[in-house]
Amino acid sequence: MSFQAYLDSIEAKTGLTPRQFVDRAHERGFDASTKATPIIEWLRDDYGIGRGHAMALVHVITKGPGINGKHVGGTGTHRDQWDTLWLDGAATRPQ
């Protein structure tokens, strides 16, 4: 599953866009210096998000929407079409 597919799945489940999660995380004090565990626990406890999906959000909360080029194109498990994840909702993503 691609990073973008994880984010889209979370949005479908919760009704919140990835950007809304980033904003809420920052309101809680989570940022680039935060380890994954507290973010994963928050997402699990408040939204019922599992670890794999939560890790996609941990990435955008702590590192922003850019992803490593090794995940773009190719045949890897987490391959995406672009090197920047769309955070503003699946319905508004340019094709």
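Residues numbered from 1 in each chain as written. Predicted model: local features only at pLDDT ≥ 70, side-chain atom pairs only at ≥ 80, totals over all residues. Heavy atoms only, no water.

A. Region of interest: the pattern of salt bridges. Counting across every chain of the model gives four salt bridges. D88 serves as the salt-bridge partner of R19, at 2.5 Å between the closest nitrogen and oxygen. Of this pair, R19 sits in helix α2 (residues 18–27) while D88 sits in the segment after α4 (51–63), placing them 69 residues apart in sequence. On the accessibility criterion, R19 (36% relative accessible area) is partly exposed. Judged by relative accessible area, D88 falls into the partly exposed class, the value being 32%. Here D46 and R28 are joined by a salt bridge, their closest N and O atoms 3.9 Å apart. (Salt bridge = Lys/Arg side-chain N within 4 Å of Asp/Glu carboxyl O. Helix = DSSP H or I, 4+ residues; strand = E, 2+ residues; numbered from the N terminus. Buried < 20%, exposed > 50% of the residue type's maximum accessible area, 1.4 Å probe, protein only.)

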